[in-house]
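Listed here are the chains, written in short residue letters.
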Amino acid sequence: MAKKYTVLYILFLIFFISSCNNKINTPALSPTPVPSPSPAVDPNQKPLILSCIPYASELKLTEGWQCLADYLSDHMGIPVKFEMKKTYKPLIEGLKSGDIDFANTGPLIYVKAHDTAGAVPLVKPIPVSGKSPFYQSYIIVRKDSGIKNISQLKGKKFAFTDRESASGFLIPVLILAEAGIKDFKFFSDVLYTGDHDSSVSAVYNGYADGAGISNYLFAKGTNERLGDLLVIKKSEPIPTAPIVVRANMPPDVAQKIKAAFLSIDPDKKENRYFLDIIQVKSYIEASDKEYEPVRKAARVLEKMGLGTD
């Protein structure tokens, strides 16, 4: 019996020593770097209100902008709530009253929001279908219409998107004016479709003979109807729609919002999801002086009696 316990004791010692040697000889694993945590979001803090108007499918855009709002909230540690506005008027009024803290605006709407409400631009987008923070306005007709230039639109029906749109109204009117058209009596009828896709449909289906739209639709190349349309005039480059903050936004908060937009990494799958929906590749800094050409164009139209108010 004593021999049995002796053998067991020896085996135990061998096992114990072997285990210790393994621990001594095994190199220590390097600690895995832990990224700095995002600031905690205080649910009791009053949320910042982010807004825009529908420039594509409202349901899908709401999803994308809400995802962006969630990203901004996590990055800043400040709750962000997204609210869709139907038109630009309540958006500008919201920036003026303080009911909206920051918003995605069109170039023309930014100029109005800046001049009437003191809105300040923070960043502007590089569109998902482009390479720079600029775009253009196109005058389009059907290929089979026989219309090759603006003068041939006389007595025809023409479609704009919205009187508050730079590429869908302001710049097309400027193009028409530069072609010698002094007022809308040049056309038999003028339509306002509400958005660029609807203007394309109006021309494609024959409800309008011509229209002014953004070149984004052509750059995306996903609309089969565009194959039946002809671009008869292109504008000069227009700076893209900026993200603006209300006039009395605390500077430190405005800086946080700006930094949050600039921090968006388009190579991350989760970011790419909402960026694709809102049709943005990435964001870069913006300044008021970039929109002076838009402001000057608006002044020209005012003198012509074709203002946007």
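All chains use their own residue numbering, which begins from 1 and follows the written sequence. pLDDT decides what is reported in this predicted model: residues at 70 or higher carry local features, side-chain atom pairs at 80 or more are listed and counted, and totals for whole chains, interfaces and linings draw on all residues regardless. Just so you know, side-chain values use all the structure's heavy atoms and leave hydrogens and water out.

On to the pattern of salt bridges. Any carboxyl oxygen of Asp or Glu within 4 Å of a side-chain nitrogen of Lys or Arg constitutes a salt bridge here. With the rule as written, the count across this model stands at 13 salt bridges. We note a salt bridge from Glu290 to Lys124, for which the minimum N-O separation is 2.7 Å. Of the two residues, Glu290 is situated in the loop between β13 (280-285) and α10 (292-303) and Lys124 in strand β4 (residues 120-127); the sequence distance between them amounts to 166 residues. Between Asp276 and Arg272 there is a salt bridge, with the nearest N and O atoms lying 2.9 Å from each other. Remark: Arg272 and Asp276 occur in helix α9 (residues 269-278); sequence separation between them is four residues, near one turn of the helix. Strands are runs of DSSP state E lasting at least 2 residues, helices are runs of H or I lasting at least 4, and numbering of each runs from the N terminus.

When you line up the elements, Asp101 lands in the loop between α3 (88-97) and β3 (102-104). Taking the relative accessible area as the measure of exposure, Asp101 reaches 6% and is therefore buried. Definition of a polar contact: a pair of N or O atoms within 3.5 Å, with one able to donate and the other able to accept a hydrogen when the atoms are protein atoms, and with sequence-neighbouring residues admitted only if both atoms are side-chain atoms. Side-chain polar atoms of Asp101 contact the backbone nitrogen of Ile49, separated by 2.7 Å. Reaching out from Asp101, the side chain makes a polar contact with the side chain of Arg246 at a distance of 2.7 Å. Two residues form a contact once any of their heavy atoms are found within 4.5 Å. Excluding residues that lie within four positions of it along the chain, Asp101 makes contacts with Pro47, Leu48, Ile49, Leu95, Val244, Val245, Arg246 and Met249. The buried label applies to any residue whose accessible area, calculated with a 1.4 Å probe on protein chains only, is under 20% of its type's maximum; exposed applies above 50%, and partly exposed to all values in between.

Here the focus is the sheet that holds strand β8 (residues 189-192). Strand order across the open sheet formed by five strands is β8-β7-β9-β6-β10, with mixed pairing between neighbours. In the strand order of this sheet, the two ends are held by β8 and β10 (229-234), each with one partner. Taken pair by pair, the neighbouring strands of this sheet meet at an average axis angle of 30 degrees, ignoring direction. Only strands that DSSP links by at least two bridges are regarded as paired with each other. Sheet topology places strand β6 (residues 137-142) next to β10; five bridges connect them, and they run antiparallel. Looking at the pairing, Ile139 lines up with Lys233 of β10. Axis definition: a line fitted to C-alpha atoms, limited for helices to the stretch in contact. Angles are taken between N-to-C directions and run from 0 to 180 degrees. Strands β6, β7 (157-160), β9 (210-214) and β10 of the sheet are contacted by helix α6 (residues 196-204), whose axis makes an angle of about 155 degrees with β9.

This part takes up the packing of helix α5 (residues 166-178) against α10. At their nearest, the axes of α5 and α10 sit 10 Å apart, and the two run at 65 degrees to each other. As for the relative orientation of α5 and α10, their crossing is left-handed in sense. Contacts between α5 and α10 involve Leu170, Val173 and Leu174 from the former and Val294, Ala297, Ala298, Val300 and Leu301 from the latter. Crossings are sorted by hand: turned counterclockwise from the far helix by less than a right angle, the near helix makes the crossing left-handed, and turned clockwise it makes it right-handed.

As paired elements, β7 and β8 share four bridges and run parallel to each other. The residue bridging Ala159 from the neighbouring strand is Leu191, located in β8. Assignment of crossover handedness uses the view with strands pointing away from the viewer, where a clockwise path from the first strand over the helix to the second indicates a right-handed crossover. Handedness of the crossover joining β7 and β8 through α5 is recorded here as right-handed.

Our next topic: the packing of helix α2 (residues 58-76) against α9. Contact pair α2 / α9: the axes reach a minimum separation of 8 Å and the direction vectors enclose 135 degrees. Between α2 and α9, the interaxial angle falls into the category oblique. With respect to the hand of their crossing, α2 and α9 are arranged in left-handed fashion. In this structure, α2 uses Lys60, Leu61, Glu63, Gly64, Trp65, Cys67, Leu68 and Tyr71 to contact α9, whose residues at the interface are Asn271, Tyr273, Phe274, Ile277 and Ile278. Along the lines of polarity and charge, the residues of the contact of α2 with α9 split into nine nonpolar, two polar and two charged. For classification purposes, an angle smaller than 35 degrees is called roughly parallel, one larger than 145 roughly antiparallel, one from 65 to 115 roughly perpendicular, and anything else oblique. Asp, Glu, Lys and Arg are counted as charged, while Ala, Val, Leu, Ile, Met, Phe, Trp, Tyr, Cys and Pro are counted as nonpolar; the rest, among them Gly, fall into the polar class.

This next bit is on α2. Between the first and last residue of a helix there are one fewer steps than residues, each counted as 1.5 Å, and that sum is the expected span. Spanning 19 residues, α2 covers 26 Å between terminal C-alpha atoms, matching the ideal 27 Å at 1.5 Å per step. Two residues or fewer past α2, Gly77 is found with a positive phi of approximately 80 degrees.

Next up on the list: the environment of Ala113. Tracing the chain through its elements places Ala113 in helix α4 (residues 107-117). Each C-alpha atom, one on Ala113 and one on Lys96, is 7.8 Å from the other, the two residues being 17 residues apart in sequence.

Looking at soluble globular proteins, one finds that nonpolar side chains tend to be buried together. Among buried residues, those of type Ala, Val, Leu, Ile, Met, Phe, Trp, Tyr and Cys that are joined through side-chain atoms within 4.5 Å constitute a nonpolar core. Among the nonpolar cores identified, the biggest contains 41 residues, and Leu95, Leu153, Phe158, Leu170, Leu176, Phe187 and Ile232 are the most heavily contacted of them. A total of eight residues in this core trace back to one element, the largest contributor, which is α5. Among all residues touching Leu176, those that are not within four sequence positions of it are Ile150, Phe158, Phe160, Ile181 and Phe187. Residues Trp65, Met76, Phe82 and Ile257 belong to the second largest nonpolar core, which totals 31 residues.

So, on to the sheet that holds β3. The strands making up a sheet are joined through hydrogen bonds of the backbone, oriented either antiparallel or parallel. Judged by pairing direction, the sheet is mixed, and its six strands sit side by side in the order β2-β1-β3-β12-β4-β13 without closing on themselves. Two strands bound the open sheet, and with one partner strand each, they are β2 (80-84) and β13. The average undirected angle you get between the axes of adjacent strands in this sheet is 25 degrees. As judged from the five bridges shared by β4 and β13, these two strands associate in the antiparallel manner. Bridged to Pro127 within β13 is Val280. Packing of α3 onto the sheet brings it into contact with β1 (48-52), β3 and β12 (243-245), and relative to β3 it is tilted by some 160 degrees.

With that settled, the discussion passes to unusual backbone geometry. Working note: non-glycine residues mostly have negative phi, and peptide bonds are mostly trans. The phi dihedral of Gln279 is positive, around 70 degrees, even though this residue is not glycine. Mapping Gln279 onto the fold places it in the loop between α9 and β13.

Note that every value here comes from positions in space, so none of it alone points to a role or purpose.
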